[in-house]
Structures are given as structure tokens and as C-alpha cells.
Amino acid sequence: MGSGGLYAVYLAAQAEDENGLAGQVGVIASSNWQGPALPAGWTHKRLIGCIPTSSDAGETKIKPFTQVDERLLYHEAQYAVTWSNVTESISLTSLELNKWMPQVCEEVLVDGQVYGGAAPFNLSIYEHRTGQPIIDLNPGTEDFGHESAWMFAPAQMVDYSVSITSLIAGSIAVLGFRMPINQEF
Amino acid sequence: MELPSFPIITTELEPCIYEAMRAWAVYSVSASGIRARREATMQAKRLEVGIDAAALEDADGKRCVVENFAREVDLDVVGLNGWDGSANLSPDIWAFLWLIAKDPGELKIADQWAFLASPSNNAPALPAGWTHKRLVSAARIESDGGSNWQIAPFRHSGGLYEYSGRRLVAVYSAVRIQAAQSLATAIPPGIELAEISLLSAVTSGSLQIMAFTTGAANPMWSAWAATGKRGEAAGPVYCPNQSIDTSVTISGTATGSLFVTGFRWPENVEP
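(A) View of the pairing of strand S16 (residues 243–264) of chain B. All names here are of chain B. Inspection of the sheet shows strand S11 (residues 160–172) paired to S16 by 8 bridges, in the antiparallel sense. Each residue of the ladder has a partner; that of Arg167, found in S16, is Val260. Alignment of strand S12 (residues 176–182) against S16, held across 5 bridges, turns out to be antiparallel. Among the inter-strand pairings, Gln181 is bridged to a residue of S16, identified as Ile244. The pairing of strand S13 (residues 193–212) with S16 spans 18 bridges and is antiparallel. Counted as the bridge partner of Ser206 is Ser251 from S16.

Structure below.
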């Protein structure tokens, strides 16, 4: 395994008898999301999960997560962007989420929050290339704006815009994603 | 794409096919269509439970199947579709709801079945002759505000268990370094994902409350508010051993509250 990244987990089978039943079955992790390098004689496969990893001082570690059916939930927020005591104004721009959701996934659980300071300030998160906000936070002075939502994220991207001044904190985080495990192989 | 085909020759299945279908039913149906509920309008101390299909196991790991069964369970009665009688019902315990069966025949279909509530999530006191069991749900027993007990209202459908109203677990009014917070009053043992809600309510100053998976560096959820405001955040958090971590930063006069709104029930698991 390399230094961090998202690894595909496949259920693999060695052989198939005349009734379509597998001879031996096993699980194999791969960096190849299109097809794993199966050991000789292992012919059948199905994508069933994902192992998210991080690199910590050169050591690859599995990020804690729970996958229930199609949905994988991280055990802590994965911050894509954070703001603290800065002045920033960004109009609609793309945000890559490929560190936190694999390329085969199109739906992601995004959390946005922005709070503190004097209004107006805002954070909006949009479905990529549509200009349609899914999360639209415009809290008042010293108020708390927060929302999380499952979003369509084609090409592992969402878009966002933000306008904040000092004394305001905010973040965009990935909390999980949906694996396409109930599809054709 | 060429689809495989097979001729239908007779209305009677070949024995080997029937055998395979029966094995599939017994060993691949873990549970489906679990539902249970307790609503305030129902008779006191009663709840409703049902399943579409479930595989049950005996002490030797042998299985049988029960399909399409629903009953009202009366916790005030000891016996089938009631309480197992292994302990007295009292506030602040769990009543675990078991589907039990007896006398599965050659086809591994149970001959009799019923629900049974028990304080145990691993070994209910089964009536004599009842051998197979499966845990299907749970109900929190709480004080009725007087000297008696009542069932905390809930709705359970498949993998989703929701309380009728959020359940207060903790209130903080002082600084708290990240530390363990038990959810045992709202999350039964064996549950891994809790649905929580955080509320920051501030009279003056500010307060931020955070919820973490035990030992995690980053919070899963946080809520912040300043003078005269309330901030809320809610969602799932991993909660092994009925516990998470929480932290609170505070200045001034404020309270941070932690609620549980429900949890994920492990529906499709081994009996």
C-alpha cells in the first residue's frame, strides 16, 4: 500500500461450479478501482467496500470508519477546508474531494459550518457545475450556521463560495460517502 | 448479452433444487422487515413488534426460519409475547425483544414462534422447549415520573431506530476537556452508530460543544453559539461500548446539551 489513499475492497472467488457456486472465496484490497490484480486461478470479483488510509510520518494507517450497506461513515470529520480568523471572499470555485471519496462514488455526506463575528458572512456549497446550492449558510451576527447533507458529487467535486472576515470560523468537511455496491460488477 | 435459460418442465421442483432453495432461505435470510414501536396512544406497558423474515439459531448454531409475524407484546405479563420474568421490570433498564421458536422440522421451518422481552441481550430466559432465538429490537424502560415504569416511545424500522423526541444524555455548563461520555441511557449494548444532537444555548458569552468518536482528534459534530443565541448540530457518530467523547469550551453563562435521537440497528447480521 502506498502513502495514504482510498483502496477498493473486492470479494473474490476462485472457481465456479456448474451450479454457479464459488469454490473458494476471499477478500482482496486493491488500489485499482476498475479491477484488482487477482491471484492466479481467481476469476470472479465484486466491489464491496473501501479502505480509507492516511500517511502518518511515512507510515500508512487505516482511517477509522464504519460501512453499513452502501454508506461509509468516517469516525471523525475529514476537513477539506477550514477558516479561522481570516478575511476571505471566494466566489464560486471547485473543491476536489478525491482524498476522501473514491472515484467510483458520486454521493458524499458534506458538512458545512460558519459562525461568529459580525454579519454579513456566508458559506454556500453547490452541486458541481450547477450553481445550485445544497448548503446555504447566512447566519446573523455572532450566530451559528451549520448544515450537513448528502450531495451528488460528480468527478469527486463540489463547488463552494465563501465570504468571511476576521473572528469568524468555518469549515467544509467530508463525513462519509455512498459506495455503488449494488450495481453491475 | 446472452442470458442463461432453463426449461420449466414440471410444477414440482426437483428435490435438489428444493434442497438448495431451503438452504438459501435458512442461511441467507438474516433478518428483514424488522419493525417495532411504542407510541403514547398505545395501552400502557405494551409495544408492537414484527418481522418479514428472520433466521433464528439454537445453542448449537442450528437455524430455522420464521416469516411474516407480528404481535403486540405486553411487558406487564410474564410469558410468550410478554416478559421473560428473569428480573423485575424497573426504570433504567433495557427490555430486549427476542423472536423465539421451537420444533423446527426437517425443512428448518419453525413450528411455533413468539416474541419474548428480556433484560438480557444475549441469553433470554426461554420457556421450556423453546430452543431458537434472535434479537430483533429493544425498548428503554424509564420512570413514569412517579413510582412506576414506562416504555420510552420509539419507532424501529429495519436498520433505523428513532425515539419519539430526543433523549437528553448530558448537560454541560463548565469547560470540559475531551473526555468519555456514556450513552448507555439511550444506546443499548452492541450498537455502533448513534444519532446524536448537540445544542449550545448561551445567555452571555459563547459556548462550543463537540462530539468525537472515542479518542479521535477531530470532532464528528460541533455546535457553537454566542450571547442570546442557540446553535445546533446533529448526525451519526460511531459509539463503541455505548460511549463517545465530548468537549466544551465556554465563556460566560451558557449550557451545552447532548441528546440521542436514535441509533442504527444491525438488522442483517448473524442471529
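The discussion continues.
(B) Representation of the domain arrangement of chain A within the structure. Residue and element names in this part refer to chain A. As assigned here, chain A comprises domain 1 (5–63) and domain 2 (72–178). For domain 1 and domain 2, the distance between their C-alpha centroids amounts to 32 Å. Contact with domain 1, which involves 5 residues of that partner, is made by 5 residues of domain 2. Taken together, the residues of the side of domain 1 that touches domain 2 sort by class into 4 nonpolar, no polar and 1 charged.

(C) Region of the structure containing the domain arrangement of chain B. Residue and element names in this part refer to chain B. Examined at the domain level, chain B breaks down into domain 1 (15–158) and domain 2 (161–264). At the junction of the two partners, domain 1 supplies 10 residues and domain 2 supplies 8 residues. Those elements that place two or more of their residues in the side of domain 1 that touches domain 2 are strand S8 (132–143) and strand S10 (154–157). The element contributing the most residues to the side of domain 1 that touches domain 2 is S10, with 3 residues.

(D) Examining the sheet that holds strand S9 (residues 122–127) of chain A more closely. All names here are of chain A. Read across the sheet, 4 strands follow the order S7-S12-S9-S10 without closing on themselves; strand pairing throughout is antiparallel. Looking at strand neighbours, the two that pair on one side only are strand S7 (88–96) and strand S10 (133–137), the edges of this open sheet. Each strand axis lies, on average, 10° off the axis of its neighbour in the sheet, ignoring direction. Examined bridge by bridge, S9 and S10 share 4 bridges and lie antiparallel to one another. Its bridge partner being in S10, Ile125 is matched across the sheet by Ile135.

Cut-offs and rules
Residues numbered from 1 in each chain as written. Chains lettered and ligands numbered in written order. Predicted model: local features only at pLDDT ≥ 70, side-chain atom pairs only at ≥ 80, totals over all residues. Pairing = 2+ DSSP bridges. Helix = DSSP H or I, 4+ residues; strand = E, 2+ residues; numbered from the N terminus. Domains from an automatic or database assignment. Contact = placed C-beta atoms within 7 Å. Nonpolar A, V, L, I, M, F, W, Y, C, P; charged D, E, K, R; others polar. Axes fitted to C-alpha atoms, helices over the stretch in contact; angles between N-to-C directions.

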